[in-house]
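# A look at the structure
The lines below spell out each chain.
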Amino acid sequence: QVQLVESGGGLVQPGGSLRLSCAASGITFSNYVMGWHRQAPGKQREAVAAITSGGSTNYADSVKGRFTISGDKAKNTVYLQMNSLKPEDTADYYCHGKKIFPPYDYWGQGTQVTVSS
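Residues numbered from 1 in each chain as written. Predicted model: local features only at pLDDT ≥ 70, side-chain atom pairs only at ≥ 80, totals over all residues. Heavy atoms only, no water.

With that out of the way, let us pick up the environment of I27. Take I27: it is sitting in the loop between β3 (18–25) and β4 (32–39). What makes I27 buried here is its relative accessible area of 9%. Taking the C-alpha atoms as reference points, I27 and G108, 81 residues apart in sequence, are found 13 Å from one another. In this view, I27 contacts V2, Y32, M34 and N76; residues no more than four positions away in its chain are not counted. (Helix = DSSP H or I, 4+ residues; strand = E, 2+ residues; numbered from the N terminus. Buried < 20%, exposed > 50% of the residue type's maximum accessible area, 1.4 Å probe, protein only. Contact = heavy atoms within 4.5 Å.)

The structure is reproduced here in structure tokens:
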């Protein structure tokens with residue numbers, strides 16, 4: 001049974017930082033691309049960052065230079081360090097596990113991030 005459990009969301013002032021965690025169970029990172037997506041109210045879900053088992057990363061243009069995705073294979077946990085947060089970063093953030101083969105997508109339940117003064 002695959003489970004992705006996010007934590008670390010909350011309310012932060014503009015310019016502040018948060019670190020999201022995604023604890024994964026039932027998966028082997030070597031067969032997955034792990035990532036974070038977000039969905040703001042009234043908007044479509046969008047990809048934020050992704051990391052392969054080899055450590056390659058990709059970021060949405062809107063978060064490049066501010067967000068960092070990383071993974072700890074020993075803990076089966078993926079992190080999203082978010083710095084210099086802006087009000088437009090306000091959204092529900094979802095952990096995503098993309099199984100390479102056979103292809104399948106797993107999602108966490110989401111954690112809310114609110115950036116406001």
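Now that the structure has been shown, the text picks up again.
Attention now goes to the packing of aromatic side chains. Under the criterion given, the structure shown has two aromatic pairs. An angle of 45 degrees between the planes, with centres 6.2 Å apart, marks the rings of Y32 and Y106 as tilted. Remark: Y106 occurs in strand β10 (residues 104–107) and Y32 occurs in strand β4; sequence separation between them is 74 residues. Here Y32 falls in the buried class, since its relative accessible area comes to 5%. On the basis of an interplanar angle of 55 degrees and a centroid distance of 4.8 Å, the ring pair of Y104 and Y106 is categorised as tilted. Members of the aromatic cluster, connected to one another through ring pairs, are Y32, Y104 and Y106. Note that R45 overlies the ring of Y94, its terminal NZ or CZ placed 3.7 Å from the centroid. (Phe/Tyr/Trp six-rings, centres within 6.5 Å; stacked < 30°, edge-to-face > 60°. Lys NZ or Arg CZ within 6 Å of the ring centre and 35° of its normal.)

Nothing here speaks to function; it is geometry throughout.
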